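The chain contents come next:
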Amino acid sequence: MTRRPSAQEMLPRPVRAVVIGVLSLFVIVPIAYLLLLSVTPDAEAGKQLVPSHFAWGNYFSMWGTVNLLSGLLNSVIVAGLASFIAVVLAVGGGYVITRYTFLGRRSYLYSLIGLQTIPQVMLLLPLFVVYSSVQTALHIHFIGSYPGLILTYLTFALPLATWLMVAYLRDIPAGLEEAALTDGATRLTALRRVVAPLAVPGMVVALVFSFLVGWNDVLFASVLTNNGTRTVAVQLQVFEQAQQGGALPLYGQLMGAAVVSALPVVLLYMFFQRYLIGGLAAGATKA
Amino acid sequence: MPAPTAPAPAGKAERSRQGPLGDRARSQRHRTRPGQAPGGRPLWLMWPGQLCLLVIIAVPLAVGVYISLLDLNQYSLRTWVSAPFVALQNYTEALFGGNILGTSALQSLLVSIGFSVLTTILITPIGILAALSVHSSFRGRGLVRTLYLVPYTMPIFVTALLGRMAFLNGGLVNQGLHALHITSGGTYWLVGPKSFWALVAVDTWSSWSFVYIMILGGLQLIPTDLYEAAELDGAGYWQKLARITFPQMRQILALALLISTLNHFNNFTLPFVMFGTPPPSAADVLPLNIWVTSFQLFRFGLGAAMSIITLVLMLIPGYVYFRAVRLGTTEVKA
């Protein structure tokens, strides 16, 4: 009799080993190349694979050449504020949706999904036109300012954040708030003092996903920022464009800056991956 | 690192069986019926969010439809409401004319469709195999799972920069192909017709993880006793896959493929950062073409018309997705 495979095993062991080996290489080789490029002297990056020496100095000089600090700061401010507001609004919305019944409640939830399927590129131009009309009408500086970008990212983060909060708040028993309400607290106080503290883990996940909307965006930031408010994504893109056709493209420093702007995001995901796997599957089917 | 091997949060399976609003919400509804609720119904808590969605998504959507019927450029932008009305002229130009950079919207559409379909076909088997390979536990599984996540977690603009470097004339790809004696190592990947393949390759690398995550999440929802029963009946690996895993996964796989097709089609960042503007026409996907038409050629009307065409096309998979989500939630409640 042959040994029966364990119930959970999906692939024969040799096949599994080959799959893991090949896929690991598939992931590791480009990442290793990225790290190698970031310590390759600018004169050699993109020309030869093995650098003549490790140019650790890339990680110091890039701050000046790429204007990295301003990009990172802008990204933190814009993505940070947008995600914070998005989560606050999502908690309020999610609370109402899970605790009350009202006309259009279900359609509102489903319209959030519908909104997510709209291609963002098709909204960019009309949004630009709307913003420039606001600018002309109110005589304020809106395109290129923080508030314009924050408002945009917060809106695009809102559907997912709301769905995450609905899923989380639903599992918090209403009995706790009712106790507070009986003691004379208002609904809002009950939400702030009783529900919100219990929902912190869900809020953190929603915050992370919302933050990444702003951090990773290039499309809106490419049009809605100026020299002073460029997020790091656009900062790198603009810098890279400037290198093309230059006598000595500063690719080593560029890739150093790329590593620095990717690292916080990759670490965030690693930290929250238990919510990602499964959460995304449940979230994506349901959100 | 907080236990990367930790299973999905408990209650997840139960939650997804409940549907988005769950049964508990319904029972609470009785308790908080108007008149009984001591604190009233603070529906206004939803208004700020709804206002944002209205101003940032719904209004621009309507404005976009209107602009697509105008001859609008950078000069008439300030007074866009009174720009000359040209009816469907932008649409005919988008579909049949070519822009001065040589790529018409129709051509871009074909590039986009080819790109989305091809990458989706490529990432599906990779994602499925990856999920199957780390479903059962073994030493080092947490590490492999973390590794598999990396391409998904990389910001696309970083992946695009890396892709650009790798496909430069003296980059990793040419050097590698040369070392393996496949090519002479002097291929131009970032200009001309081969740019399409460079784009497909980089996008495949960056997006297979998504299929992997979805499938792995789906695998965790399949009851273990199904496999145990199959094992008692003497089923082998192949039979378990063909008779249990794939039939159980059909819905989530379809959803994963649908979402990733949408994502590929709407991917602006990757080609934009990888090729710059104007891009080679073989890699001039529709989102990029719209951006160039709008913000480099300043043909706002034409750009809007191309956007509306994109939206109409996206309505088809979008509707299917929407239906799938609705079906998913009503089915589980029944």
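Computed from a predicted model, the values in this text were never measured in an experiment.

Trainee: Residue-level account of the overall build of chain A, with values.
Mentor: If you tally the helices and strands in chain A, you get 14 helices and zero strands. Tracing chain A from N to C terminus, the helices and strands come up as α-α-α-α-α-α-α-α-α-α-α-α-α-α. Relative to the globule expectation of 19 Å for 287 residues, the C-alpha radius of gyration of chain A, 24 Å, shows a markedly less compact shape. Expressed as lengths along the three principal axes of its C-alpha atoms, the size of chain A is roughly 85 × 75 × 35 Å. When the accessible surface of chain A is totalled, it reaches about 11000 Å², and 72% of it is carbon and sulfur. Of the charged side chains in chain A, 15 are positive and 9 negative, and the gap between their average positions amounts to 10 Å.

Trainee: Go over the interface of chain A and chain B, please, and point to the residues and values.
Mentor: Taken together, the contact pairs 123 residues of chain A with 130 residues of chain B. With a shortest N-O distance of 2.4 Å, B:Arg164 and A:Glu240 are connected by a salt bridge. For the interface between chain A and chain B, the tally reads nine residue pairs in polar contact (both at pLDDT 80 or more). Considering each element in turn, the side of chain A that touches chain B owes the most residues, 15 residues, to helix 1 (residues 13–38) of chain A. In the side of chain A that touches chain B, the residues fall into 81 nonpolar, 27 polar and 15 charged.

Trainee: Tell me about the pattern of salt bridges, residues and numbers included.
Mentor: What the rule picks out here adds up to six salt bridges over all chains. Salt-bridge contacts for A:Glu9 lead to A:Arg13; the nearest nitrogen and oxygen are separated by 2.8 Å. Its relative accessible area of 7% is what places A:Glu9 among the buried residues. Two residues, B:Arg299 and B:Glu93, come together in a salt bridge whose shortest N-O distance is 3.0 Å. With B:Arg299 in the loop between helix 13 (286–295) and helix 14 (300–333) and B:Glu93 in helix 4 (residues 89–96), this residue pair connects regions lying 206 residues apart in the sequence. By relative accessible area, which is 28% here, B:Arg299 ends up partly exposed.

Trainee: So what about a nonpolar patch on the surface? Which residues, and what values?
Mentor: All names here are of chain A. Taken together, Trp 63, Leu 69, Leu 73, Ile 77, Leu 81, Phe 84, Ile 85, Val 88 and Leu 207 make up a surface patch of nonpolar side chains, about 790 Å² in accessible area. When residues of the nonpolar patch are assigned to their parent elements, the largest contribution, seven residues, is made by helix 3 (residues 68–99). By secondary structure assignment, the location of Trp 63 is in helix 2 (residues 58–65). Its relative accessible area of 34% is what places Trp 63 among the partly exposed residues.

Trainee: If you had to explain the packing of helix 9 (residues 195–219) of chain B against helix 11 (residues 237–265) of chain B to someone new, which residues and values would you point to?
Mentor: All names here are of chain B. Contact geometry of helix 9 with helix 11 gives a least axis separation of 9 Å together with a crossing angle of 145°. In the packing of helix 9 onto helix 11, the handedness of the crossing is right-handed. Facing Asp 203, Ser 207, Phe 210, Val 211, Met 214, Ile 215, Gly 218 and Leu 219 of helix 9, the residues of helix 11 in contact are Thr 245, Met 249, Ile 252, Leu 253, Ala 256, Ile 259, Ser 260 and His 264.

Trainee: Explain the packing of aromatic side chains residue by residue, including any values.
Mentor: Counting across every chain of the model gives 22 aromatic pairs over all chains. Judged by centre distance (5.3 Å) and plane angle (85°), the ring pair of A:Phe128 and B:Phe295 falls under edge-to-face. A residue pair is termed interchain when its members come from two chains, as with A:Phe128 in helix 5 (residues 120–138) and B:Phe295 in helix 13. Judged by relative accessible area, which is 13%, A:Phe128 ranks as buried. For B:Phe295, a relative accessible area of 13% puts it in the buried group. Centroid distance B:Phe298 to B:Phe300: 6.2 Å. Interplanar angle 70°. Geometry classified as edge-to-face. Accessibility expressed as a relative area gives 30% for B:Phe298, which makes it partly exposed. Among the residues examined, B:Phe300 registers a relative accessible area of 2% and is labelled buried.

Trainee: How would you summarise the nonpolar core if you had to cite specific residues and measurements?
Mentor: Within the largest apolar cluster, 191 residues are counted, with the highest numbers of intra-cluster contacts made by A:Leu236, B:Tyr148, B:Met154 and B:Tyr212. When residues of this core are assigned to their parent elements, the largest contribution, 15 residues, is made by helix 9 of chain B.

Trainee: Can you break down the side chain of B:Thr120 residue by residue, with the values?
Mentor: Residue and element names in this part refer to chain B. With respect to the element layout, Thr 120 can be found in helix 5 (residues 105–133). Since its relative accessible area comes to 8%, Thr 120 is described here as buried. Polar contacts involving the side chain of Thr 120 include one to the main-chain carbonyl oxygen of Ser 116, which spans 2.7 Å. Leaving out residues up to four positions away in the same chain, Thr 120 has contacts with Leu 257, Ser 260, Thr 261 and His 264.

Trainee: If you had to explain the confidence of the model for chain B to someone new, which residues and values would you point to?
Mentor: Residue and element names in this part refer to chain B. Predicted confidence across chain B gives a mean pLDDT of 80, with 83% of residues reaching 70 or more. The least confident element of chain B is helix 1 (residues 12–18), whose mean pLDDT is 39; the most confident is helix 7 (residues 156–166), at 95. Counting contacts from residues 1–38, a segment whose pLDDT is below 50, to residues more than four positions away or on other chains yields 76 contacts. Across residues 330–334 the pLDDT falls below 50, and counting only partners more than four positions away or on other chains, this stretch makes eight contacts in the model. Across the predicted assembly, pTM comes out at 0.86 and ipTM at 0.89.

Calculation rules
- Residues numbered from 1 in each chain as written.
- Chains lettered and ligands numbered in written order.
- Predicted model: local features only at pLDDT ≥ 70, side-chain atom pairs only at ≥ 80, totals over all residues.
- Heavy atoms only, no water.
- Helix = DSSP H or I, 4+ residues; strand = E, 2+ residues; numbered from the N terminus.
- Rg over C-alpha atoms; globule rule 2.2 N^0.38 Å.
- Areas by Shrake-Rupley, 256 points an atom, 1.4 Å probe, with all protein chains shown as cover.
- Lys, Arg positive; Asp, Glu negative; His and termini not counted.
- Charge placed at Lys NZ, Arg CZ, Asp CG, Glu CD.
- Contact = heavy atoms within 4.5 Å.
- Salt bridge = Lys/Arg side-chain N within 4 Å of Asp/Glu carboxyl O.
- Polar contact = N/O pair within 3.5 Å; in protein donor to acceptor, adjacent residues only side chain to side chain.
- Nonpolar A, V, L, I, M, F, W, Y, C, P; charged D, E, K, R; others polar.
- Buried < 20%, exposed > 50% of the residue type's maximum accessible area, 1.4 Å probe, protein only.
- Patch = residues over 30% accessible without salt bridge, like charges linked within 9 Å, V, L, I, M, F, W, Y side chains within 5 Å.
- Axes fitted to C-alpha atoms, helices over the stretch in contact; angles between N-to-C directions.
- Left-handed = near helix turned anticlockwise from the far one by under 90°.
- Phe/Tyr/Trp six-rings, centres within 6.5 Å; stacked < 30°, edge-to-face > 60°.
- Core = buried A, V, L, I, M, F, W, Y, C linked by side-chain atoms within 4.5 Å.
- pLDDT = per-residue confidence, 0-100.

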